[in-house]
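Here are the chains, one letter per residue:
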Amino acid sequence: MKSTFTRREILSQGLAGMSAAWVSAHWPAMLSAATHARQAAKSAAPPKFEFFSPEQAVEIEAICARIIPTTDTPGAREAGVVFFIDRALVTFAKVNQKLYTEGLPELQARVREMFPGAEKFSAAASKQQDEVLASLDEHPTEGRGRPFRASAAAQTFFETIRVDTISGFLIDPDSDKRGNRDGVGWKVIGRDDAHMFQPPFGYYDKDYPGWQPNPADADKTKS
Amino acid sequence: MRPEQPKYKTADEVDFVIIGSGAAGGIVAKELSGNGYRVVVLEQGPYLTEKDFVHDEIKVLNHDLLTNHPELQPNTFRKTPDEEAKPRRALVYGRLVGGTSVHFTANFWRFHEIDFTEHTRFGPAAGAAIADWPITYADLEPYYTKVEWEIGVSGLAGSSPFDPPRSKPYPMPPLPVKSSGVIFERAARKLGWHPFPAPMAILSQPRPGRSACMNCGFCLGFGCEVGAKSSSLATAIRMAEKTGRCEIRPNSYVHRIELDANGRATGAVYFDEKREVQRQKAKAVVVCANGAETPRLLLLSANKQFPNGLANSSGMVGKHLMLNSGTVATGVFEHPLNDYKGFAVSRILHDFYELDPEKVGFRGGGGLDARFDITPIGFALGSLPPGTPRWGKGFKDVLSHNFTRSLEIFSHGTSLPIENNSFSLDPDLKDSWGLPALRMTYKDHPDDLLLTNWLNARALELLDAAGAVKKWSFPAQEQQFAVHLLGTCRMGNDPKSSVINSDHQTHDVKNLFLCDGSSLVTSGRGQPTMTIEALAFRAADRITALAKRGDLSA
């Protein structure tokens, strides 16, 4: 008998064979088991590249690592974002293969042009790397309002790798997309990687006494 | 386990064929099959279930796991009829069994009396076609109650002094409050406003076969993997299946309703999963395909008798599209709210539901809610303050700080009905089946934009009163993207100015009924699904009464 369950197995069994109340009551324990199973599975499999050559992967990872740098907290490198992009390019984002294969050499040419002596992006200093990326960025700051959903088809290489890096950093680590390794992206932004929570949720609701009618409206709300 | 469904043959004339399985179609199917009728539901999308509902933002949102797909079904957009429409994604709706109710936010308050009697109360408005509904709030009240009890709505009766009268309390208490809700409630009370627990179509207590909300945080845009969200999929569809008289037939894309020589609908013509043409015969047809696809289907079904579209002698099919106006003000607070946990909305207020046009200088009204309905990737790509770097350490620092400390004040309000705002058939663009694509024409009434900015000013006042460390918003912009699809086959007593009567029967074809967002005469103040579902319960009652009288047989 299996001692651990994946989250999906729990969910499908929860609906098919267990009472809703039972699932609700036992959810935290089940989820904790599922999370352990998931992390064990992730660290057991040695990652391989399916699209990038090892040399390309080094360069792509170096770019990702400037988009979400490693600081006092993990960045794109620790989240395995390059593996997410690699998998994306042979699965759901095949349409972007050309952007990457053509965009990377153009970026390398830009490196050599801006910093003669620097052979490739990964060999340049961080500050130089940032300057190269800044030269490719057409919209350096936010300010255009909230899109209904994330842009699926970014036009330029830089915009594509920017969106892909952020996506690979923050994708549900339970997904099959190899991003957000060990949930580090969610840890960085403060998102607990569980999928079930109980109140109190945050600072402001922890001492909430329960809803009371506003005394000033007591007469109005009676009717 | 899902019960066995009957499998009706297409040549077998069933009592009703229902086109669409969403908020309205699910309920009409449940009610009619429950009343003893043999029903086939034709749904263009797939039959997904809870096990398919993942939290993968790319799969679900970017790749439209649950929604209409722009490559299969592209559309065009223009602002006014004199412009040439250009291909551009302009709408999203749920394209699966359960429809848009699978992925919605689940805000579920009732419309108020004013929504049904706006014209009598305030008269006409320049540039808009405001009309009273042929039914009133009182007519719909018992059906609102049915929705709350049968489908499952959490809330606290009597908590808003602006609520219309009700015959029964909610069947279950409100969902827990979120930090955004507490901040909203305290600030709104400081300002003398009346915040109250948001009525939500999400279970706060388990029901048979359904769990209470687990607060997973993947709610708007996602399907609920534990059946806590009261979608048609988790509720009415399951109940319809249990009758043993209702067949849900997914991957069935209806593109034509045919009439016999007597001008009566004979059933629905559709593409099956293999794209082969099938004809399901039925004694009567109920179209619940949403406010975009319902008028499109009627226009696609033009024939000799109705050269401008089936049941379109009024010329009103597809017209008076309303989207609901709205915008967002974002606030960042000192301490973590962790609002990513849980459903989107826990507190709302309706102080501005009925504004005095004399005082504010525009028509309409609305409300505010406190919400966090954004998942991590979407937040990082679209919810940081203006001026934030889009990558690098500066980006990461703001993202890491704000994700747990942000909330949004969402203002939601009226769209005034305008005849030119419409869904029609694009003369050039075709979908993947070779059918004319949807063409959307939309330009907000100036009052809608004034209202949005007025409400947004209240939202910013509220963020100030709440002590937000940082706040920002964007001025109202003309809408070019549709989520709420309302008003396009409006209900009315006059066959010259409306498409259906108060029984949801088309004025032109006696055994053809329409019920979904297209039936609405006014937009309400946002969050229309509750009203669409109440209409569906009522429509099923009316249709049953007509069928029993023999009015639907030839």
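The paragraphs below set out a description of the structure included in this document. (Residues numbered from 1 in each chain as written. Chains lettered and ligands numbered in written order. Predicted model: local features only at pLDDT ≥ 70, side-chain atom pairs only at ≥ 80, totals over all residues.)

## Some details on the overall build of chain A
Note the threshold: Secondary structure elements follow DSSP: runs of H or I of four or more residues count as helices, runs of E of two or more count as strands, with numbering from the N terminus. For the exposure call, what matters is how many other C-beta atoms sit within 10 Å of a residue's own: 20 or more marks it buried, 12 or fewer exposed, and in between partly exposed, using C-beta atoms placed from the backbone. Residues are treated as contacting if the C-beta atoms built from their backbones sit within 7 Å of each other.
The secondary structure content of chain A amounts to nine helices and zero strands. Overall, chain A shows an N-to-C arrangement of helices and strands of α-α-α-α-α-α-α-α-α. Each of the 223 residues in chain A was classed as buried or not, and the buried ones make up 36%. Sequence-distant contacts, at least 24 apart, represent 57% of the contacts inside chain A between residues at least 6 apart.

## Comments concerning the overall build of chain B
The cut-off we apply is this: Only C-alpha atoms enter the radius of gyration, while the globule expectation follows 2.2 Å times N to the 0.38, with N the number of residues.
Scanning chain B from terminus to terminus reveals 12 helices and 17 strands. In terms of overall dimensions, chain B is globule-like: its C-alpha atoms have a radius of gyration of 22 Å, near the 24 Å expected for 554 residues. Expressed along its principal axes, the backbone C-alpha trace of chain B runs to roughly 70 × 55 × 50 Å. Relative to its 554 residues, chain B shows a buried fraction of 63%. For chain B, restricting intrachain contacts to residue pairs at least 6 apart in sequence, the fraction spanning at least 24 positions comes to 75%.

## Details of the packing of helix H3 (residues 54–67) of chain A against helix H4 (residues 81–90) of chain A
Helix-helix packing: each pair is described by the crossing angle between the helix axes and the interaxial distance. Residue and element names in this part refer to chain A. Note the following rule: Under this scheme, a helix contributes an axis fitted over its contacting stretch, all axes are lines through C-alpha atoms, and angles between N-to-C directions fall in the 0 to 180 degree range. We call two directions roughly parallel when the angle between them is under 35 degrees, roughly antiparallel when it is over 145, roughly perpendicular when it lies between 65 and 115, and oblique otherwise. Crossings are assigned a handedness: left-handed for a near helix turned anticlockwise from the far helix by less than a right angle, right-handed for a clockwise turn. Residue polarity follows a fixed list, in which Ala, Val, Leu, Ile, Met, Phe, Trp, Tyr, Cys and Pro are nonpolar, Asp, Glu, Lys and Arg are charged, and the others, Gly among them, are polar.
At a minimum axis separation of 9 Å, H3 and H4 run at an interaxial angle of 120°. Judged on the interaxial angle alone, H4 and H3 are oblique. The interaxial crossing formed by H3 with H4 has right-handed handedness. The residues of H4 that touch H3, namely those facing Ala57, Ile60, Glu61 and Cys64, are Val81, Val82, Ile85 and Asp86. The residue makeup of the contact of H3 with H4, split by class, is six nonpolar, no polar and two charged.

## Some points on the pairing of strand S1 (residues 14–19) of chain B
Residues and elements named next belong to chain B. Rule in force here: We treat two strands as partners when DSSP finds at least two bridges between them. By convention, orient the strands away from the viewer: a clockwise path from the first strand over the helix to the second makes the crossover right-handed.
With five of its six residues buried, S1 lies for the most part within the structure. The sheet contact formed by S1 and strand S9 (residues 277–287) spans five bridges and is parallel. Among the inter-strand pairings, Phe16 is bridged to a residue of S9, identified as Ala284. Examined bridge by bridge, S1 and strand S2 (residues 39–42) share four bridges and lie parallel to one another. Pairing of Phe16 across the sheet is with Val39, part of S2. As a crossover connection, the stretch from S1 through helix H1 (residues 23–34) into S2 is right-handed.

## Points about the sheet that holds strand S15 (residues 436–441) of chain B
Residue and element names in this part refer to chain B. The four strands are arranged S4-S3-S15-S14 in an open sheet whose pairing can be described as mixed. Taken across any chain shown, the strands that pair with only one partner, and hence form the sheet edges, are strand S4 (86–87) and strand S14 (422–430). Of the strand pairs in this sheet, strand S3 (residues 75–78) and S15 are connected by four bridges, and their pairing is parallel. Residue pairing for S15: Phe77 is matched across the bridge by Met440. Packing against the sheet, helix H7 (residues 293–300) makes contact with S14 and S15, and its axis sits at approximately 60° to S14.

## Some remarks on the sheet that holds strand S16 (residues 470–473) of chain B
Strand pairing in a sheet is mediated by backbone hydrogen bonds. Such pairs are either parallel or antiparallel. All names here are of chain B. Taken together, six strands build an open sheet; the order of strands is S5-S11-S12-S13-S10-S16 and the sheet is antiparallel. The sheet terminates laterally at strand S5 (196–197) and S16, the two strands that pair on one side only. Pairing analysis gives four bridges linking strand S11 (residues 345–349) to strand S12 (residues 366–371), with the strands arranged antiparallel. When the sheet's bridge partners are listed, Leu349 is paired in S12 with Leu368. Sheet strands in contact with helix H5 (residues 179–190) are S11, S12 and strand S13 (406–413), and its direction is about 20° off that of S11.

## Details of the nonpolar core
Residues and elements named next belong to chain B. Here is the rule: Put simply, a nonpolar core is a cluster of buried Ala, Val, Leu, Ile, Met, Phe, Trp, Tyr and Cys residues tied together by C-beta atoms within 7 Å.
Ranked by internal contacts, the top residues of the largest apolar core, which has 216 residues, are Val28 and Val286. The biggest single contributor to this core is helix H12 (residues 529–548), with 10 residues. Apart from residues no more than four positions distant in its own chain, Val28 is found in contact with Ile18, Val286, Cys288, Cys515, Ala536, Ala539 and Ala540.

## A few points about the pairing of S3(B)
The sheet contact formed by S3(B) and S4(B) spans two bridges and is antiparallel. Bridge pairing in S4(B) links Thr76(B) to Pro87(B).

## Side note on the interface of chain B and chain A
At the junction of the two partners, chain B supplies 68 residues and chain A supplies 62 residues. If you list the elements that add at least two residues to the side of chain B that touches chain A, you get helix H2 (57–62), H5, helix H9 (376–382) and helix H10 (392–402) of chain B. When residues in the side of chain B that touches chain A are grouped by element, the largest group, six residues, is from H9(B). Within the side of chain B that touches chain A, the residues separate by chemical class into 33 nonpolar, 22 polar and 13 charged.

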